[in-house]
Amino acid sequence: MLRSWLITSSVASRSSRFSVLRRRIPFFSSSGDNKTAKMSGQGTPGGFSGNRASPHPRKPVSAGKSMCQGDGVYKSPNVFRNAKYPKTVMPQHSQASPESADESTYESPNVFRYAKSPHTVIAQRSRASPESIGSNTRRSPQRDAEMQHFDICKAKDAGHVILKRSLQAINREKRIEAERAKIVPQHIHLRPGMILLKNYLDHDDQACVKIVKKCRDLGVGLGGFYRPGYRDGAKLHLRMMCLGMNWDPQSRSYDSKRSIDGAEPPKIPEYFIEMVDRAIQSSHDFLNAQSHGVNAASEVPKISPDLCIVNFYDNNGRLGLHQDRDEREESLRRGLPVVSFSLGDTATFLYGDQRDINKAQEVELESGDALIFGGKSRHIFHGVSSIIPNTAPKWLIEETGMLPGRLNLTFRQY
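Not measured: the values here are computed from a predicted model.

1. Considering the pattern of salt bridges
Item 1. Following the criterion strictly, the structure yields 10 salt bridges and no others.
Item 2. D326 is the partner of R252 in a salt bridge, and the nearest nitrogen-oxygen pair spans 3.3 Å. One end of the pair, R252, is in the loop between β10 (246-248) and β11 (253-255); the other, D326, is in the loop between β13 (319-322) and α8 (329-334), with 74 residues separating them in the sequence.
Item 3. Look at D326 and you get buried, because its relative accessible area is 17%.
Item 4. Three or more residues joined by partner-sharing salt bridges are found here, namely D324, E327, R378 and R412.

This is the structure in structure tokens:
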């Protein structure tokens, strides 16, 4: 029995040493195609992939994702790698388009990243932007900037928390409003047919806030604010929006649609039309009270406004001397006035009979002022030389979030 036990132990020891040696020495195929056999797992226990035996057999690689194709070139779903130089990456020529969102994720005009392998980068063969795919219209950053709608009010953060004001702050605001109510507008007769209604817009009924919010809502929609330009490529130093009818600075004419994007101008709110009627009536009352025997209706005729140009000037905004002569001949012949309202920062307004800055007169248009020029002053040259920063009423900025600058509405009858 002792002898048989020794024989059994010797056989078990040899078998154990052979198993260890078996794990260290790779198996080779007798067919001579050792490279294929090693990489595909053929001729090895469990179909393992690699040069060493593993006690945990791996699943065989699927046919669609073969690790060896052709002359030893590694293939993955996204890139090709040369077997001799594994760090060399060759991009595929066939790649997904931005429209196939389920196949790939578009990142930039020059790079694609596959959703299944987000770290794999495939360079585009053509440097096409997403806007130009499927479209023959040429786009440029300058044209895109022109067509972007402009928001005249500050964007509110989603996580912004508004703290409740103290009773002291509320009482202080009430006292300020009471002082404003005592202000008596000092109207000025600048020249025949030209009337300045100082502090005309009433702050008690929040007329200024209502106008700013309405212009903001219209300005971010279709036909809203944009930066216009002239035929020679020069750009105006302001943002413009037309209501009722569109005015084109390049053709200097009115139309039912905007040439830059084909958008129709928004309609003039009824509240704005009533505001124009009240301003003209106030100018008549002022003229009748100041000068006896003057026909106020002939000096400043009444109008039925069917168009409005809304301009927003930032702190660097300005407008050169020009004449408003693009309306119909009948309207110009009758001297139908232009009615202008100012909100926000104060503007230095120039006017005169000649297109000469040195000979032009100037007046400051403050927030709430209304300016009317018609009759004999209908064809005066006028413009804005500068915007005076930090002159807008603080309460107007707090209640509307209006950006620094001046909002100007000019009404006319075509």
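2. Here we look at the pairing of strand β17 (residues 370-373)
Item 1. Of the two faces of β17, the one carrying A370 and I372 and the one carrying L371 and F373 are both buried.
Item 2. Alignment of strand β8 (residues 194-197) against β17, held across four bridges, turns out to be antiparallel. Residue pairing in the sheet places L196 in a bridge with L371 of β17.
Item 3. Inspection of the sheet shows strand β14 (residues 338-344) paired to β17 by four bridges, in the antiparallel sense. When the sheet's bridge partners are listed, F341 is paired in β17 with A370.

3. Here's the deal with the environment of F381
Item 1. Relative to the assigned elements, F381 resides in strand β18 (residues 381-388).
Item 2. What makes F381 buried here is its relative accessible area of 15%.
Item 3. Sequence separation between F381 and D324 is 57 residues, and the spatial gap between their C-alpha atoms is 8.2 Å.
Item 4. Leave out the neighbours within four places in its chain, and F381 touches L321, H322, Q323, L350, Y351, G352, D353, Q354 and R355.

4. A few points about the state of the cysteines
Item 1. In total, this model carries zero disulfides according to the counting rule given.
Item 2. As a non-bridged cysteine, C308 has C215 as the owner of its nearest cysteine sulfur, 7.1 Å distant.

5. Some remarks on the environment of R191
Item 1. Tracing the sequence through the fold places R191 in strand β7 (residues 188-191).
Item 2. For the pair R191 and K376, spaced 185 residues apart in sequence, the C-alpha separation works out to 8.9 Å.
Item 3. Contact partners of R191, with chain neighbours within four places excluded, come to E299, Y351, G352, D353, S377 and I380.
Item 4. A polar contact of 3.1 Å, which involves the side chain of R191, links it to the side chain of S377.

6. Some remarks on the packing of aromatic side chains
Centre distance and the angle of the planes are the two values used to describe a pair of aromatic rings.
Item 1. Counted according to the given criterion, the structure contains seven aromatic pairs.
Item 2. Ring geometry for F150 versus F312: centroids 5.7 Å apart, planes at 40 degrees, classification tilted. Pair noted here: F150 is in the loop between α3 (141-147) and α4 (167-181) and F312 is in strand β12 (residues 307-313), with a separation of 162 residues, a long-range link.
Item 3. Measuring from centroid to centroid gives 6.3 Å for Y271 and F272, while their planes differ by 55 degrees, and the two rings are tilted.
Item 4. Note on F272: relative accessible area 1%, which makes it buried.
Item 5. One aromatic cluster in this structure is built from Y200, Y271, F272, F341 and F411.
Item 6. The ring centre of Y271 lies 4.0 Å from the NZ or CZ of K210, which sits over that ring.

7. Overview of the sheet that holds β18
Item 1. Across the sheet, four strands lie side by side as β13-β18-β15-β16; this open sheet has antiparallel pairing. Every other strand in the sheet has two partners, leaving β13 and β16 (361-365) as the edge strands with one partner each. Ignoring which end each strand starts from, the neighbouring axes of this sheet average 25 degrees apart.
Item 2. As paired strands, strand β15 (residues 346-352) and β18 are joined by seven bridges and run antiparallel to one another. Paired with L350 across the strands is G383, a residue of β18.

8. Here's the deal with unusual backbone geometry
Item 1. In the Ramachandran plot, N199 falls in the positive-phi region, its phi being about 50 degrees despite a non-glycine side chain.
Item 2. We classify N199 as buried; its relative accessible area is 19%.
Item 3. Within the chain, R252 stands out as a residue other than glycine whose phi angle is a positive 50 degrees.

9. Section: the UniProt feature "binding site: Fe cation" (unreviewed entry) in the protein
Item 1. Here the UniProt feature "binding site: Fe cation" (unreviewed entry) sits at H322, D324 and H382. Look at the named residues: they lie 61 residues apart in sequence, but the longest C-alpha span between them is just 8.8 Å, so in the fold they bunch up.
Item 2. Inspection of the secondary structure puts H322 in strand β13.
Item 3. The contacts of H322, once residues within four sequence positions are left out, are I380, F381 and H382.
Item 4. Along the chain, H382 falls in strand β18.

Reading guide: rules and limits
Residues numbered from 1 in each chain as written. Predicted model: local features only at pLDDT ≥ 70, side-chain atom pairs only at ≥ 80, totals over all residues. Heavy atoms only, no water. Salt bridge = Lys/Arg side-chain N within 4 Å of Asp/Glu carboxyl O. Helix = DSSP H or I, 4+ residues; strand = E, 2+ residues; numbered from the N terminus. Buried < 20%, exposed > 50% of the residue type's maximum accessible area, 1.4 Å probe, protein only. Pairing = 2+ DSSP bridges. Contact = heavy atoms within 4.5 Å. Disulfide = S-S within 2.5 Å. Polar contact = N/O pair within 3.5 Å; in protein donor to acceptor, adjacent residues only side chain to side chain. Phe/Tyr/Trp six-rings, centres within 6.5 Å; stacked < 30°, edge-to-face > 60°. Lys NZ or Arg CZ within 6 Å of the ring centre and 35° of its normal. Axes fitted to C-alpha atoms, helices over the stretch in contact; angles between N-to-C directions. UniProt positions renumbered as here; feature names shortened; annotations may be inferred.

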